[in-house]
Amino acid sequence: MPARRTATPLDSARVTRVRRRVLAWYDAHRRDLPWRHTTDSYAIWISEVMLQQTRVETVRERWVTFLSEFPDLGTLAAASEQRVLRAWEGLGYYRRARFLHRAAQSLVAAGASTLPDDVEALRALPGFGDYTAAAVASIAFGRRAAVVDGNVVRVLARYLGERGLHTQAATKRRIQAAADALLAPRRPGDWNQAVMELGATCCTPRTPECPTCPLRHDCVAWAEGDPTRYPHRAARKATPHYDIAAGLVWRRGRVLIARRKADGLLGGLWEFPGGKRRAGESLEAAMRREVHEETGLKVRSAEPFMSIDQAYTHFRITMHLFHCTAGAGMPRALACEEPHFVAPEDLDAYPFPRANRKAIDVLRTQGRGAGSAR
DNA sequence: TAATCGTGGTT
DNA sequence: TAACCAAGATT
């Protein structure tokens, strides 16, 4: 292993040099992203929330369509949560959409027609953490607030030779302090985007392109020879697998759906009733038990329809779907909300998790034949 | 502090 | 293929 290089201090000459190099690199290499063509703080806010833990290429199209449906703060505040969640479908981390909606309603209720323009007021809104408050304040309002996202952590950890685990508070404080010191005071929004852009396109996690990096001259990780050792991360645990059994419970050409509770996984989204199979239980028995527990309905016939694999952050599932016919009685909201039967053509109006939407798509294209998306 | 919260692309 | 990862926030 190469000897550890000692980082030179961030004196003012070095800070000036770094700012100049990184901004020049950004001016030459910045990607043409749709949200870089607006100064509308609302539109920039939407982009920042969408970009949380979500790839730029995914956000490109979704940002455009979201803004066409909700072009301003007032429109978003006036919309139903269901419509907002439907517009968010597929983006994941659905809590983001509910916080977005709630923040818009809060601002409009207070008489505002636009976002507040300082970090503290932004930080107080739901869904605004340190990163998003600094990002909106700097990019939309030119405030001198340094962002620290995953890119900034990686770039600065490598550049400075930061050896602490990136999850530790002391490490975060050091990275934030360095980001604060480096922030280019005349172009705070561009500076923040420049460092993030550098992390996203050059100082990447696995295969950084160090020869083209504007920071290679005095980067500790580059001098050591293996930048990918930074930032230091703790090992992850293996993710468990669960079998989920769910029913497409039909009655007179309509199918049963129910809404998940607002908190927790996939909160506020609709689904076909079902749940985890227990040890020793058959898939069909699990489906019958779950449908009954959640809606009070008993299922008559049941035939396998399809199985879908889905990976979540901390576990993965195989969802086994059955075509069923509903027994007598009205569905009740026992362990779900608003269970009711809907015509298949009306399912597009409801926000569904990805696995459920896949099943709906198969339903459309194949009718009620068996299929698999595994 | 550590766990939780989605999804799709990449390796 | 399974793990890793992405412009984080909340509890």
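Bear in mind that the values here come from a model prediction, so they are computed numbers and not experimental data. (Residues numbered from 1 in each chain as written. Chains lettered and ligands numbered in written order. Predicted model: local features only at pLDDT ≥ 70, side-chain atom pairs only at ≥ 80, totals over all residues. Heavy atoms only, no water.)

*Asks:* Sorry, what's going on with the protein's contact with DNA strand C here?
*Replies:* The full set close to DNA strand C counts 29 residues, and Leu51, Gly127, Thr132, Asp149 and Asn151 are the nearest of them. Near-protein atoms of DNA strand C (within 4 Å) split between backbone and bases, with sugar and phosphate holding 66%. Taking threonine 132, its side chain carries an N or O atom lying 2.5 Å from a phosphate oxygen of DNA strand C. When residues of the surface near DNA strand C are traced back to their parent elements, those giving at least two are helix 6 (95-109), helix 8 (130-141), helix 9 (150-160) and helix 11 (188-201). Each residue belonging to the surface near DNA strand C can be placed in one class, and the counts come to ten nonpolar, seven polar and twelve charged. (Near = heavy atom within 4 Å. Polar contact = N/O pair within 3.5 Å; in protein donor to acceptor, adjacent residues only side chain to side chain. Helix = DSSP H or I, 4+ residues; strand = E, 2+ residues; numbered from the N terminus. Nonpolar A, V, L, I, M, F, W, Y, C, P; charged D, E, K, R; others polar.)

*Asks:* Please clarify how the side chain of glutamate 281 should be interpreted in this entry.
*Replies:* Tracing the backbone shows glutamate 281 in the loop between strand 4 (274-276) and helix 13 (283-295). In this structure the side chain of glutamate 281 is engaged in a polar contact, spanning 2.9 Å, whose partner is the backbone nitrogen of arginine 278. One polar contact links glutamate 281 to arginine 289, side chain to side chain, over a distance of 2.7 Å. When near neighbours in sequence (up to four residues on either side) are disregarded, glutamate 281 contacts Lys276, Ala286 and Arg289. (Contact = heavy atoms within 4.5 Å.)

*Asks:* Just to check I follow, could you spell out the packing of helix 9 against helix 10 (residues 169-182) for this structure?
*Replies:* Working note: a packed helix pair is described by the angle between its axes plus the distance between those axes. It is at 10 Å that the axes of helix 9 and helix 10 come closest, and there the two elements cross at 90°. As summarised for this structure, helix 9 and helix 10 are arranged roughly perpendicular, according to the angle between their axes. In this structure, helix 9 uses Val152, Val153, Leu156, Ala157 and Leu160 to contact helix 10, whose residues at the interface are Ile175, Ala178, Ala179 and Leu182. Here the residues of the contact of helix 9 with helix 10 sort into nine nonpolar, no polar and no charged. (Axes fitted to C-alpha atoms, helices over the stretch in contact; angles between N-to-C directions. Parallel < 35°, antiparallel > 145°, perpendicular 65-115°, else oblique.)

*Asks:* Help me out: how do you make sense of the domain arrangement of chain A in this one?
*Replies:* By a frequent convention, interface size equals the accessible area lost on bringing the separate parts together. Here the domain parsing of chain A yields domain 1 (12-229) and domain 2 (241-366). Computed over C-alpha atoms, the centres of domain 1 and domain 2 are 37 Å apart. If you look at the interface, domain 1 gives seven residues, while domain 2 gives 14 residues. Both sides of the domain 1 and domain 2 interface together cover about 910 Å² of buried area, and 47% of this is carbon and sulfur. Of all residues in domain 1, Gln82, Arg86 and Glu89 bury the most surface against domain 2, accounting for 51% of the area lost on that side. The salt bridge partner of arginine 357 is glutamate 89, with a shortest N-O separation of 2.8 Å. Counting across the domain 1 and domain 2 interface gives seven residue pairs in polar contact (both at pLDDT 80 or more). Looking at the side of domain 1 that touches domain 2, the element that brings in the most residues is helix 5 (residues 81-88), giving three residues. (Domains from an automatic or database assignment. Buried area = accessible area lost by both parts, 1.4 Å probe. Salt bridge = Lys/Arg side-chain N within 4 Å of Asp/Glu carboxyl O.)

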